[in-house]
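Spelled out from the first residue to the last, the chains are:
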Amino acid sequence: MTSPPPDGLMPTALDQRIETAVGYGVAELRQHRDGGLLDASRTALADAHRELVAAERDVNFYRVRLARLATSGLPVDQALFARIERTLDQLATAAAVRDTKQAAAAAALAPIEAAAPRQTLAQIAAKDVAALLAIAQGAKLHEHLVTHRLAVATPTRTRISFAQLQHLEEMGLVERDTAHPVHAGQPVTLTDAGRAVLTAPRHAGPLGTTPAPLPPVLPAVSRTRR
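This one's a predicted model, so the numbers in the text were calculated from it and none came from an experiment.

(A) The arrangement of the sheet that holds strand β3 (residues 150-153) in detail. Here five strands make up an open sheet; going across it, the order is β4-β3-β2-β6-β5 and the pairing antiparallel. Of all strands in the sheet, those bounded by a partner on one side alone are β4 (160-161) and β5 (174-176). In this structure, β3 lies alongside β4, joined through two bridges in antiparallel fashion. Among the inter-strand pairings, A151 is bridged to a residue of β4, identified as S161.

Next up, the structure:
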């Protein structure tokens, strides 16, 4: 009988396919989803997988209930037969819902699987990964009222110079909302390519010592909102 792993996620039939396609496990996929680091296609996959896990949990619940009824010390009578029949109906309904959710998750996974073999990965510096992680938690570009120096403020107080910000913009990893004046703070956010850097598989090694793989992007001036 299937039991949930320590992280509380019920195993599903798609877990291995998802890990192969995105490069990491379903638990990390959920963490990235909750952290807002995924692009649209992976967000849809994470949401579909979350619903599949819930449906799989319902199937397991009724399967356990059925097993307990069958092995209980209750009298073997019409009342027991009725309870077993009712639980079988509930199990069948849960399984039908699970199959529907599994088909939806497989549909969300398909375009990611199709794109995965065509990805060629470049490398970015560990300091740029650290900057992206800080920006993911919220960042603003400020101009000092006296010195007029530009700097990026983040909740983690990670030092991000204006030159590094421009570098990240040129790589298409971040963008600024120029509708806001810099003296009031221009919001800086990750682009889909920037999120892909943070959610791409890492090589083995201490955190921050290995460059992160970067999906190919054309160098461009960052997009601005008007």
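(B) Fine view of the environment of E51. Looking at the element boundaries, E51 is found in helix α3 (residues 40-71). In this structure, the C-alpha to C-alpha distance between E51 and V97, residues 46 residues apart in sequence, is 10.0 Å.

(C) Summary view of the nonpolar core. Core analysis: the biggest nonpolar cluster contains 21 residues, and L132, I135, L168, L173 and V174 have the highest contact counts within it. Elements that contribute at least two residues to this core include exactly α5 (126-136), β2 (139-143), α6 (162-170), β6 (186-190) and α7 (192-199). If you tally residues by element for this core, the top one is α5, at five residues. Not counting residues up to four positions away in its chain, the partners in contact with L168 are D128, A131, L132, I135, L173 and V174. L29, L45, A48 and L52 belong to the second-largest nonpolar core, a separate cluster that totals 19 residues.

(D) Fine view of the pairing of β2. Pairing geometry for β2 and β6, over three bridges, is antiparallel. Bridging across to β6, A139 finds its partner in V188. Alignment of β2 against β3, held across four bridges, turns out to be antiparallel. Considered in β3, the bridge of H142 is made with A151. The antiparallel pairing of β2 with β3 creates a hairpin that spans six residues between the two strands, and H148 there sits at a positive phi of about 65°.

What counts, and where the lines are drawn
- Residues numbered from 1 in each chain as written.
- Predicted model: local features only at pLDDT ≥ 70, side-chain atom pairs only at ≥ 80, totals over all residues.
- Heavy atoms only, no water.
- Pairing = 2+ DSSP bridges.
- Helix = DSSP H or I, 4+ residues; strand = E, 2+ residues; numbered from the N terminus.
- Core = buried A, V, L, I, M, F, W, Y, C linked by side-chain atoms within 4.5 Å.
- Buried < 20%, exposed > 50% of the residue type's maximum accessible area, 1.4 Å probe, protein only.
- Contact = heavy atoms within 4.5 Å.

That is the geometry; function is a separate question.
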